[in-house]
Amino acid sequence: MVNKTLIRNVEIVNEGLSQRGSILIANDRIENIFPGEAPAVGDAQVIEGDGAVAMSGIIDDHVHFREPGLTHKADIESESRAAAFGGVTSFFDMPNTSPQTTTLEALEQKQNIASRTSHVNYAFFIGATNDNMEVLKAVDEHRVPGIKLFMGSSTGNMLVDRRAALEQIFSSARLPIMTHCEDTGIINQNMKEAKERYGEDPDVTHHPEIRSVEACYESTALAVEMARRYGARLHVAHLTTSRELELFTPECPNITAEAVIAHLMFTDEDYKRLGTAIKCNPAVKSAADRDALRRALTDGRIATVGTDHAPHLWSEKQGGCARAASGMPMIQFSLVSMLELVDKGVLDIERVAELMCHAPARLFEVRERGFLRPGMKADIVIVKRGEPWKVTKDIIQSKCGWSPMEGHEFSWRVEHTFCNGHHIYNKGVFCADSKGEELLFR
């Protein structure tokens, strides 16, 4: 039996164009896209768009859903539900879980959990260490987006700090390499000096001084230099500084950069208001850095926008630079945050679709997703601008139960989310039985 849904009278934003039209879904795929008035489809359920905006479902290339091992603060079920509420239909999860995703067995464990519990589509990075090159070579390149490489401060054995190991990874990796770039030596020295000056747990306002511009730039410059030397495919995660942006150019498509929502929305002035709620690594930095990142959204230096969604319990966020956990939940409000930047004139809505849908699909070679085209999987989000609404604790879906966006007013709202043709979110009503699919690549 063919189940059909007609999304009628929407502004379709796709591949650089916006046009009024309708989208016909048949089972799990887009069957047709009709410009202008849609023909009658007698056996289809009809969703009236009333001029709302339809985009491909968001692909978040950077999340930490915490499972397995850290499920007191988040798990794949809860965070994929938050994703669906935010119009995110696919996620790539990072490997610093417990156990860390640095073996084929740990990777398979996460894939199995997600197959049972994820409400949206899923994939998992394999993590690099100083000594797991054989694992990186053995991984199925069709089932993982890439290799996550921590070239900065990290936990356990996931900090790759041996020059020989770095050169081996960059010279022989078959997959895209996504790096976290901060120089550990610089950070450690900055922390030592901060503790001598301010005490054992310096106030969070000093976080961008400790995880400094220099720490970010030196590590990012090293990653870019190695990628150029060995011809590796490099995607640098969460840029935070205007200086780092100098290392990227649209003329070098194999070396790209990501920005994340926190660094586009907040500045170091916000530490006074929000405290450790916006403590993350790399740190939120100056207004000048934020504004440079915003400009780079439209000039080609930033290729993708993710969230670095990283939930912690609020009790774990207490303290200062040394004690409070770094990371924040952002996935539920990422799309509406970017649409707020559209209203502010930072970028246009077609560019939002490029940064959050098309570019992640293209850069990581995601199969059958990321675009609104007949024959593609029906991952679709419908958003509408209307009366302002406020983020309150009761609507937060992340298991940790808080958000740095609490109290913030948005004018855009996610109205519908379709994942593989399933209507999983409908104006506040969630289909808890929905299940995502494993993403395939290349």
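Residues numbered from 1 in each chain as written. Predicted model: local features only at pLDDT ≥ 70, side-chain atom pairs only at ≥ 80, totals over all residues. Heavy atoms only, no water.

It is not clear to me how the overall build of the protein chain should be interpreted in this structure. Could you clarify?
Scanning the protein chain for helices and strands turns up 13 helices and 18 strands. What you see for the protein chain is a C-alpha radius of gyration of 21 Å, in line with the 22 Å of a compact globule of 442 residues. A principal-axis box enclosing the C-alpha atoms of the protein chain has dimensions of 70 × 45 × 40 Å. Relative to its full complement of 442 residues, the protein chain shows a buried share of 61%. Taking contacts inside the protein chain between residues at least 6 apart in sequence as the whole, the part at least 24 apart equals 73%. Per element, the accessible surface of the protein chain, about 16,300 Å² overall, is 46% carbon and sulfur. Here the protein chain holds 49 positive side-chain charges and 62 negative ones, and the gap between their average locations is 1 Å. (Helix = DSSP H or I, 4+ residues; strand = E, 2+ residues; numbered from the N terminus. Rg over C-alpha atoms; globule rule 2.2 N^0.38 Å. Buried < 20%, exposed > 50% of the residue type's maximum accessible area, 1.4 Å probe, protein only. Contact = heavy atoms within 4.5 Å. Areas by Shrake-Rupley, 256 points an atom, 1.4 Å probe, with all protein chains shown as cover. Lys, Arg positive; Asp, Glu negative; His and termini not counted. Charge placed at Lys NZ, Arg CZ, Asp CG, Glu CD.)

Hey, could you run me through the packing of helix H1 (residues 76-85) against helix H2 (residues 104-117) in this one?
A packed helix pair is summarised by two numbers, namely the angle formed by the two axes and the spacing between the axes. Packing of H1 against H2 leaves a shortest axis separation of 9 Å and a crossing angle of 60 degrees. Classified by the angle between their axes, H1 and H2 sit oblique to one another. Relative to H2, the crossing made by H1 is right-handed. Contacts between H1 and H2 involve Ile-76, Glu-77 and Ser-80 on the former and, on the latter, Lys-110, Ile-113, Ala-114 and Thr-117. (Axes fitted to C-alpha atoms, helices over the stretch in contact; angles between N-to-C directions. Parallel < 35°, antiparallel > 145°, perpendicular 65-115°, else oblique. Left-handed = near helix turned anticlockwise from the far one by under 90°.)

Teacher, can you tell me more about the packing of helix H12 (residues 334-343) against helix H13 (residues 349-363) here?
Packing of H12 against H13 leaves a shortest axis separation of 9 Å and a crossing angle of 145 degrees. By crossing handedness, the relation of H12 to H13 is classed as right-handed. Contacts between H12 and H13 involve Ser-334, Leu-335, Met-338, Leu-339 and Val-342 from the first element and Ile-349, Val-352, Leu-355 and Met-356 from the second. Of the residues contributing to the contact of H12 with H13, the split by class is eight nonpolar, one polar and no charged. (Nonpolar A, V, L, I, M, F, W, Y, C, P; charged D, E, K, R; others polar.)

In this structure, what is going on with H12? I would like to understand it.
Given 3.6 residues per turn, any residue in an α-helix points the same way as the ones three and four places further on. For H12, a buried count of nine out of ten residues is recorded, marking the element as mostly surrounded by other parts of the structure. Those residues of H12 that fall on the buried side of the exposure criterion are Ser-334, Leu-335, Val-336, Ser-337, Met-338, Leu-339, Glu-340, Leu-341 and Val-342. Looking one or two residues past H12, Gly-345 carries a phi angle of roughly 80 degrees, positive in sign.

Teacher, can you tell me more about the pairing of strand S8 (residues 121-124) here?
Successive side chains on a regular strand alternate, one facing one side of the sheet and the next facing the other. Neither face of S8 is exposed, since Asn-121 and Ala-123 on one face and Tyr-122 and Phe-124 on the opposite face are all buried. As paired strands, strand S7 (residues 88-93) and S8 are joined by four bridges and run parallel to one another. What sits directly across from Phe-92, in S8, is Ala-123. The parallel pair S7 and S8, bridged by H2, forms a crossover whose chirality is right-handed. (Pairing = 2+ DSSP bridges. Right-handed = clockwise from strand over helix to strand, strands pointing away.)

Looking at this structure, how should I read the sheet that holds S7?
Strand-to-strand pairing in sheets goes through backbone hydrogen bonds, with the strands running parallel or antiparallel. Overall, parallel pairing links the three strands, which are arranged S6-S7-S8 in an open sheet. The open sheet has two free edges, formed respectively by strand S6 (58-63) and S8, since each of these has just one partner strand. On average, adjacent strands in this sheet sit at an angle of 20 degrees to one another, irrespective of strand direction. Bridge count between S6 and S7: four bridges; the pairing is parallel. Residue pairing across strands places Ile-59 opposite Ser-90, the latter belonging to S7.

Before we go on, may I ask you to explain the sheet that holds strand S14 (residues 304-306) in this structure?
Ordered in space as S9-S10-S11-S12-S13-S14, the six strands form an open sheet in which the pairing is parallel. Edge positions in the open sheet fall to strand S9 (126-127) and S14, since each of these has one partner strand only. In this sheet, strand S13 (residues 255-260) lies alongside strand S12 (residues 234-236) in parallel orientation, the contact comprising three bridges. Among the inter-strand pairings, Leu-234 is bridged to a residue of S13, identified as Ile-255. Relative to the sheet, helix H7 (residues 213-230) contacts strand S11 (177-180), S12 and S13, its axis offset from that of S12 by approximately 170 degrees. Packed onto the sheet, H13 meets S12, S13 and S14 and runs at close to 110 degrees relative to S14.

What's the story with the environment of Met-178 in this structure? I'm lost.
Counting through the fold element by element, Met-178 comes out in strand S11. Put simply, Met-178 and Leu-149 are 29 residues apart on the chain and 6.0 Å apart in space, counted from C-alpha to C-alpha.

How should empty space enclosed by the protein be read in this particular structure?
Tallied over the full model, the rule gives four cavities of 30 Å³ or more. By volume, the largest cavity is sized at about 50 Å³. Lining the largest cavity are Val-260, Ala-262, His-263, Cys-280, Thr-307, Asp-308, Gly-327, Met-328 and Met-330. Looking at the lining of the largest cavity, its residues break down into five nonpolar, three polar and one charged. Taken together, Thr-240, His-263, Phe-266, Val-284, Lys-285, Ser-286, Asp-289, Arg-290 and Leu-293 make up the lining of the second largest cavity. Per-element accounting of the lining of the second largest cavity gives the leading share, three residues, to helix H11 (residues 287-299). (1 Å grid on protein atoms, 1.4 Å probe; cavity = no way out; pocket = protein on both sides within 12 Å on 5 of 7 lines; lining within 4 Å. Points joined across faces, edges and corners; volume = space filled by probe spheres on them.)

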